Every structure is written in structure tokens, then in C-alpha cells.
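# Observations on the model geometry
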Amino acid sequence: MSTANAMKREVGKAAAQRVKSGSIVGLGTGSTTAYTIEFLGERLKNGDLKDIKGIPTSFQASVLAKQFGIPLTTLDEVDRIDIAIDGADEVDPQKNLIKGGGAAHTREKIVDCLAEVFIVVVDSSKLVDKLGSTFLLPVEVLPMAMTPVMAAIKKLGGTPELRMGVKKAGPVITDQGNFVIDVKFESIDNPAELEKTLNNIPGVLENGLFVGVTDVVLVGEVVDGKTVIREL
Ligand SMILES: O=C[C@H](O)[C@H](O)[C@H](O)COP(=O)(O)O
């Protein structure tokens with residue numbers, strides 16, 4: 001296993017350890033939370049954890065949950081989410097995030113914002129001083145509004161590009177049937193304001209800025225050749 005994967009695995013597992021029996025659990029999307037879902041399944045199987053229900057943030061999370069034996073529910077069936085565990089593409093010192101590298105940020109924001117406790121799991125490469133410095137900002141958009149939304153983003157100083165599929169001709173299609181525009185901003189000085197401004201453009205469903213939502217960040221990193229977990 002690569003060092004990056006080892007960090008993801010350990011941090012994903014550490015977050016899974018924090019889930020208590022009887023909890024409603026938001027299940028994040030991506031390669032790090034895939035390990036969380038796997039370890040939740042293991043804990044259920046060995047009897048260390050009982051009676052949890054998962055709320056998936058994507059088709060991927062839902063498939064993994066079924067594979068690892070985690071019963072699922074929906075937001076129509078529950079009146080709370082006790083804990084959500086999700087990955088991120090960037091984390092700043094205020095625990096604000098950029099998410100959406102897997103085009104799942106719209107559902108993730110719904111689930112993560114509802115959780116009583118929201119835990120972010122990342123490897124140390126995701127830590128940045130300023131959001132937008134290493135990762136483009138994903139914006140989910142209704143396909144028919146793509147052109148005016150791109151024009152509006154340019155007016156805000158961003159450089160938008162339509163996310164294209166890999167092993168698929170044409171654009172990436174989200175779980176909701178929409179497009180993703182990835183935006184380069186020279187500098188994101190006020191993430192809270194930019195999050196609102198982008199969501200105010202007609203045709204935008206949601207953007208990948210998560211501001212003031214995170215409770216805990218667990219970071220997997222390698223120190224003296226060993227993978228360790230630290231909490232921000
Ligand atoms: O849309 C995807 C999500 O926001 C992911 O949680 C994020 O991209 C991090 O994924 P990974 O753990 O694979 O780096």
C-alpha cells in the first residue's frame with residue numbers, strides 16, 4: 001500500500017472508532033471515507049458497534065455501505081444525524097474546506113451540515129494556509145445554465161472550466177444529473193462571502209466551500225516513518 005493510502009486508511013479508521021452504537025451516521029464520499037465505511041462495517045460485524053444507520057452522501061457511499069453491511073436510511077426517515085464523517089480536498093487553519101473533488105459536494109453539504117458532530121478525515125497533503133491554493137473550487141450547475149453561470153463566474157474574477165469525464169466522452173455528470181464547473185480564483189480572501197455569492201448565481205446548485213461547518217479534523221501523516229493521527 002502506498003504511503004498516501006496508508007495515511008487515508010489510518011485516518012479513516014480512526015474516525016470510524018468515534019462512532020457510537022445507536023447513531024445515525026452521515027457517510028462521506030471519496031477514497032478516505034471509503035476506509036471509514038469499511039471499518040464501520042467491520043465494527044458491526046465483530047459486535048463492537050450496534051444499531052447504526054447510515055445516510056450516504058453519494059451513489060459511491062451507498063454502494064460501499066451495502067457492500068460492508070451498513071443499514072441505510074434517508075433524511076425523510078430520521079430527525080437527526082449524530083455524526084458525519086467526510087473527506088476534503090483542502091482544509092485551512094480555520095477548518096474551512098474545499099470539497100467536491102468527486103463531484104459529491106452538494107449532497108455532502110446537506111448531510112454534513114445537519115450532523116451534530118462533523119468530522120473531516122484527510123491526509124496531511126490536504127492542509128493549506130489558504131483555500132484555493134492547490135485545488136480548483138467545484139461548482140455544481142444545472143446543464144442548461146452552464147453558459148450564463150460561467151459568464152457570471154468570470155465577472156467575479158474566476159476562471160471556470162467544465163469538468164470532463166475520464167473514460168467517458170463529454171462532461172462529468174453528478175449524482176443529480178448536473179455538470180461541475182471547476183473554478184480557479186487567484187485568491188479566496190473571504191470564503192464565507194464567496195460561498196454565498198456563488199450560490200446566488202441562478203443555475204448554481206451548490207459550491208464546494210464548506211465554511212464554519214467542521215467540528216473536528218483528523219489528519220493522517222507520516223512521522224519518523226510511522227503513520228500517526230493528529231487532531232486539528
Ligand atoms: O466530492 C467528493 C468529496 O468532497 C470528497 O470527500 C473529497 O474529494 C475528498 O476525497 P478523497 O478522500 O478521495 O481525497
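My aim in this report is to walk through the structure given alongside it, one point at a time. (Residues numbered from 1 in each chain as written. Predicted model: local features only at pLDDT ≥ 70, side-chain atom pairs only at ≥ 80, totals over all residues. Heavy atoms only, no water.)

## Observations concerning unusual backbone geometry
- Despite not being glycine, Asp-51 shows a phi value in the positive range, around 55 degrees.
- Inspection of the secondary structure puts Asp-51 in the loop between helix H2 (31–45) and strand E2 (53–56).
- Judged by its relative accessible area of 66%, Asp-51 falls in the exposed class.
- The residue Ala-103 is not glycine, and still its phi comes out positive at about 65 degrees.
- Along the chain, Ala-103 turns up in the loop between strand E5 (97–98) and helix H4 (105–114).
- The exposure class assigned to Ala-103 is buried, which follows from its relative accessible area of 9%. (Helix = DSSP H or I, 4+ residues; strand = E, 2+ residues; numbered from the N terminus. Buried < 20%, exposed > 50% of the residue type's maximum accessible area, 1.4 Å probe, protein only.)

## Quick word on the pattern of salt bridges
- All told, the structure shown has twelve salt bridges when counted by the stated rule.
- A salt bridge links Lys-99 to Asp-86; the shortest N-O distance between them is 3.1 Å. Here the residue Lys-99 occupies a position in the loop between E5 and H4, and Asp-86 occupies one in strand E3 (residues 81–86), the gap between them amounting to 13 residues. Neither Lys-99 nor Asp-86 differs from the other in exposure class; each is buried.
- A salt bridge links Arg-230 to Glu-221; the nearest nitrogen and oxygen atoms lie 2.7 Å apart.
- A relative accessible area of 35% means that Arg-230 is categorised as partly exposed.
- You can call Glu-221 buried: its relative accessible area is 16%.
- Put simply, Asp-79, Arg-80 and Asp-82 are held in one network by salt bridges that share partners. (Salt bridge = Lys/Arg side-chain N within 4 Å of Asp/Glu carboxyl O.)

## Comments concerning the side chain of Lys-126
- Turning to its location among the elements, Lys-126 is positioned in the loop between strand E6 (115–123) and strand E7 (137–141).
- Although Lys-126 lies buried, it forms no salt bridge, and the closest oppositely charged side chain, Asp-123, sits 4.2 Å away as judged by the N-O distance.
- Beyond its immediate chain neighbours, meaning those up to four positions away, Lys-126 contacts Ala-88, Asp-89, Glu-90 and Val-91. (Lys, Arg positive; Asp, Glu negative; His and termini not counted. Contact = heavy atoms within 4.5 Å.)

## A few points about the site of the ligand
- In the vicinity of the ligand, 16 residues are found, and the nearest of them are Thr-29, Ser-31, Thr-32, Glu-108 and Lys-126.
- One of the side-chain N or O atoms of Thr-32 is found 2.6 Å from an oxygen atom in the ligand.
- Residue Lys-126 places a side-chain N or O atom 2.7 Å away from an oxygen atom belonging to the ligand.
- Out of a free accessible area of 380 Å², the ligand has 92% covered by protein chains.
- The residue inventory of the shell around the ligand, partitioned by class, reads three nonpolar, eight polar and five charged. (Near = heavy atom within 4 Å. Polar contact = N/O pair within 3.5 Å; in protein donor to acceptor, adjacent residues only side chain to side chain. Areas by Shrake-Rupley, 256 points an atom, 1.4 Å probe, with all protein chains shown as cover. Nonpolar A, V, L, I, M, F, W, Y, C, P; charged D, E, K, R; others polar.)

## Some remarks on the sheet that holds strand E12 (residues 216–223)
- Taken in spatial order, the six strands of this open sheet run E2-E1-E3-E6-E12-E13, and their pairing is mixed. Only two strands of the sheet have a single neighbouring strand rather than two, namely E2 and strand E13 (226–231). Geometrically, the sheet is characterised by an average inter-axis angle of 20 degrees between neighbouring strands, direction not taken into account.
- Both strand E1 (residues 24–27) and E2 contribute to a ladder of four bridges, which runs parallel. (Pairing = 2+ DSSP bridges. Axes fitted to C-alpha atoms, helices over the stretch in contact; angles between N-to-C directions.)

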